[in-house]
Amino acid sequence: MNTEKLPHEWSKESLLNKAQRYAETMLKQERDSWEFGFWSALTLELLARAVLAATSPALVADNRDWDNIYYALGHQPTTKKFKPKSADTTDILVRLQSVLPEFTREMLSFSITHVNRRNTELHSGALPFDGLGTSKWLSMFYATSRALLESIGEDLPLLFGAAEAEAAETLLQALEDQASKAVLGTIKAHRTVWEEKTEAERKKLQKQSETMASRHWGHRVACPSCSCTALLHGTTIGIPTQSLEQDMIVERQTMLPSKFECLACGLKVTGYSKLNSCDLGDTFTATFRYDAVDYFASDEDDESYQGLEEDYNEY
Amino acid sequence: MNDCQSLIEDGFTFLPELRPNATTISVAESLGVVASIPSMPTVYAIRPRLQHEAPRNVYSGNFGLGPFPFHTDLAHWHMPPRYILLRCLHPAAQVCTPVLHQEIALTGISSIAVRRALYQPRRKLDGRSSLLRLIQTTKATSLFRWDDVFLNPANEEAIEVANRLRSIQPERTGVQIFLKKRGDTLLLDNWSVLHGRSGVPGNSVNRLIERVYLTEVRL
């Protein structure tokens, strides 16, 4: 391993060490002060960059200019007056969601909202962090931070210290309990309504949901409220695997549940944490079958119809 | 325990009178891969110097002939050299090189304080400042750094660790190594052990040690 004077400014180490500095600054503020929220947003931004950089600093680069990627890889571009530019934070977060299964859609939504507060704070006269009670965001902040830290083999105490990490775990437990109670309450309410229906109504709805819950549209599961066949939708995680089976190319993609819907009793549950609390959080596999022509062929066939309107029988 | 095991487990190995008539560079090349650091001579001659004779960017300029506190070399760099080879050319039997493993040095400090301790080089390097972790870990390895002169604490945990490490007296702690014969060679894992130097009495000022940094060792 070679000696190096300075870390790359987009390296995991630099970004993580700075995230810790921002977290320390955050914790020196009063909890109900705007500064507490502001520094938390900066902490989250640096942490997200550090986690992406752990895979490669190239992922942190603004890829609209290849010189930034070249710089991220440790080289010095020769372009005159080159100034390295990293990707916008929103891009960083979207990239994270693609590469990190643990970074759920809920975490992505929260992170974008929280980082946008920081943008509003810095670029306008608005006061987005004033009066923003911690009950509205702190639990999700720690849940997101924990997921990001654990993905690089670290934990909440590294960034926030032992005492704050312990307090955070209490908040996280409460968040999980709250989500769980809310979902169980919803399930119970739908079950009550379902049981009040006549048998004929229930049979009709059961048959409808069985027909509509096609494998083409999602993953079939038993509804926790009425036990009818319902659909679970998910977001892709990891890379798909391909195999050749009986002249068909079979692609299997692991999915993390994100949304549940039952057409029989009308129960809907959105968000991984809520799905997980009612035992619908297990990953599932989406399977797609293609013949080789479909899988590998380009759209050349369509080029011969360019310029023509859609096919219609003569009219 | 053989030399390789000693280097891995204790963080150092002592090779007495190793090829005393050979050049230091050839000895170094036989032991591993010599580091090429643009701003430094590959083989650096270390002689005791009075404080006023040396600039303040080196230890002699801070401590003169007095004891050097425990430190790791180039701790203020992001990636310091992995191994240090110290080879005796002109011995001084009364001058000792104390060596202490970081695990012993950090005994009594909470693991979370050790993990969170952040430092900054006291001066910018190439116009830039940086935050450096006391122990920097990767999937493959762990790098420990410490230098009370060239590093400043950047948070409370770093102050706690600094206070602890400053309190360690090199002459009373660790393994005392004497490079007292020509060719005596001390190989240190600069990422896991601290080293220092005892005071230099008046009759030992002709001591001459040559230092080479290595990136890899083959024992």
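The following refers to the structure shown.

1. Overview of the interface of chain A and chain B
Argument step 1. The partner chain B presents 27 residues to the 25 residues of chain A that form the contact.
Argument step 2. Its salt-bridge partner being arginine 115 of chain B, residue aspartate 155 of chain A comes within 2.9 Å of it at the nearest N-O pair.
Argument step 3. In terms of residue count, helix 1 (residues 12-27) of chain A provides more of the side of chain A that touches chain B than any other element does, eight residues in total.
Argument step 4. Of the residues in the side of chain A that touches chain B, the class split is nine nonpolar, six polar and 10 charged.

2. Some words on empty space enclosed by the protein
All names here are of chain B.
Argument step 1. Taken as a whole and assessed by the stated rule, the structure comprises three cavities of 30 Å³ or more.
Argument step 2. Estimates place the volume of the largest cavity at around 60 Å³.
Argument step 3. Every residue lining the largest cavity is listed: Ala35, Ser36, Ile37, Met40, Pro41, Thr42, Val212 and Tyr213.
Argument step 4. Here the lining of the largest cavity is composed, by residue class, of six nonpolar, two polar and no charged.

3. What about the side chain of asparagine 68 of chain A?
Residues and elements named next belong to chain A.
Argument step 1. Within the secondary structure, asparagine 68 sits in helix 3 (residues 66-72).
Argument step 2. Under the relative-accessibility criterion, asparagine 68 is labelled buried at 2%.
Argument step 3. Leave out the neighbours within four places in its chain, and asparagine 68 touches Trp10, Ala61, Asp62, Phe82, Lys83, Pro84 and Lys85.

4. Thoughts on the pairing of strand 3 (residues 241-245) of chain A
Argument step 1. As defined by bridge partners, strand 3 of chain A adjoins strand 4 (residues 248-261) of chain A across five bridges and the pair is classed as antiparallel. Among the inter-strand pairings, glutamine 242 of chain A is bridged to a residue of strand 4 of chain A, identified as glutamate 251 of chain A.

5. Remarks on the nonpolar core
Residue and element names in this part refer to chain A.
Argument step 1. In terms of nonpolar packing, the biggest core is built from 54 residues, with Phe141 and Tyr142 touching the most fellow members.
Argument step 2. For this core, the secondary-structure elements that each account for two or more residues are helix 1, helix 2 (34-55), helix 3, helix 4 (89-99), helix 5 (105-123), helix 6 (138-151) and helix 7 (156-196).
Argument step 3. It is helix 2 that provides the largest number of residues to this core, a total of 12 residues.
Argument step 4. In contact with tyrosine 142, not counting residues within four places along its chain, are Met26, Leu27, Leu156, Phe160, Glu164, Ala168, Leu171 and Leu172.

6. Some remarks on the state of the cysteines
Argument step 1. Within the structure shown, the criterion is met by zero disulfides over all chains.
Argument step 2. Counting only cysteine sulfurs, cysteine 226 of chain A is the nearest neighbor of cysteine 228 of chain A, a cysteine outside any disulfide, at a range of 3.6 Å.

7. Topic: the environment of arginine 197 of chain B
Residue and element names in this part refer to chain B.
Argument step 1. For arginine 197, the location among the structural elements is in strand 14 (residues 193-197).
Argument step 2. For arginine 197, a relative accessible area of 8% corresponds to the buried category.
Argument step 3. Put simply, arginine 197 and arginine 164 are 33 residues apart on the chain and 19 Å apart in space, counted from C-alpha to C-alpha.
Argument step 4. The contact partners of arginine 197, leaving out residues within four places of it in the chain, are Pro48, Gly64, Leu65, Gly66, Pro67, Phe68, Val95, Cys96, Pro98 and Arg207.
Argument step 5. Within the structure, the side chain of arginine 197 is placed 3.2 Å from the backbone oxygen of glycine 64, a separation counted as a polar contact.
Argument step 6. Reaching out from arginine 197, the side chain makes a polar contact with the backbone oxygen of glycine 66 at a distance of 2.7 Å.

8. Things to note about the pattern of salt bridges
Argument step 1. Applying the stated criterion across every chain, the model contains 19 salt bridges over all chains.
Argument step 2. Taking the shortest distance from any N to any O, the salt bridge between lysine 203 of chain A and glutamate 199 of chain A comes out at 3.5 Å. Taken as a pair, lysine 203 of chain A and glutamate 199 of chain A lie in helix 8 (residues 199-212) at a separation of four residues, close to a single helical turn.
Argument step 3. One network of salt bridges, with partners in common, ties together Glu24 of chain A together with Arg116 and Glu157 of chain B.

9. Points about unusual backbone geometry
All names here are of chain B.
Argument step 1. Positive phi, normally seen in glycine, also occurs at glutamate 17, with a value near 45 degrees.
Argument step 2. For aspartate 126, which is not glycine, the phi torsion reads 50 degrees and is therefore positive.
Argument step 3. Mapped onto the elements, aspartate 126 comes out in the loop between strand 7 (118-121) and strand 8 (132-133).
Argument step 4. Assessed through its relative accessible area of 61%, aspartate 126 is described here as exposed.

10. So, the sheet that holds strand 8 of chain B
Argument step 1. The strand order across the open sheet built from three strands is 8-7-11 (chain B), with neighbouring strands paired in antiparallel fashion. Looking at strand neighbours, the two that pair on one side only are strand 8 and strand 11 (151-153) of chain B, the edges of this open sheet.

11. Things to note about the packing of helix 2 of chain A against helix 6 of chain A
Residue and element names in this part refer to chain A.
Argument step 1. Put simply, helix 2 and helix 6 touch, their axes get as near as 10 Å, and they point 20 degrees apart. Viewed along their axes, helix 2 and helix 6 adopt a mutual orientation that is roughly parallel. In the packing of helix 2 onto helix 6, the handedness of the crossing is left-handed. Where helix 2 abuts helix 6, its residues Phe36, Ser40, Thr43, Leu44, Leu47, Ala48 and Val51 lie against Leu138, Phe141, Thr144, Ser145, Leu148, Leu149 and Ser151.
Argument step 2. Of the residues assigned to the contact of helix 2 with helix 6, the class counts are nine nonpolar, five polar and no charged.

About the cut-offs
- Residues numbered from 1 in each chain as written.
- Chains lettered and ligands numbered in written order.
- Predicted model: local features only at pLDDT ≥ 70, side-chain atom pairs only at ≥ 80, totals over all residues.
- Heavy atoms only, no water.
- Contact = heavy atoms within 4.5 Å.
- Salt bridge = Lys/Arg side-chain N within 4 Å of Asp/Glu carboxyl O.
- Helix = DSSP H or I, 4+ residues; strand = E, 2+ residues; numbered from the N terminus.
- Nonpolar A, V, L, I, M, F, W, Y, C, P; charged D, E, K, R; others polar.
- 1 Å grid on protein atoms, 1.4 Å probe; cavity = no way out; pocket = protein on both sides within 12 Å on 5 of 7 lines; lining within 4 Å.
- Points joined across faces, edges and corners; volume = space filled by probe spheres on them.
- Buried < 20%, exposed > 50% of the residue type's maximum accessible area, 1.4 Å probe, protein only.
- Pairing = 2+ DSSP bridges.
- Core = buried A, V, L, I, M, F, W, Y, C linked by side-chain atoms within 4.5 Å.
- Disulfide = S-S within 2.5 Å.
- Polar contact = N/O pair within 3.5 Å; in protein donor to acceptor, adjacent residues only side chain to side chain.
- Axes fitted to C-alpha atoms, helices over the stretch in contact; angles between N-to-C directions.
- Parallel < 35°, antiparallel > 145°, perpendicular 65-115°, else oblique.
- Left-handed = near helix turned anticlockwise from the far one by under 90°.

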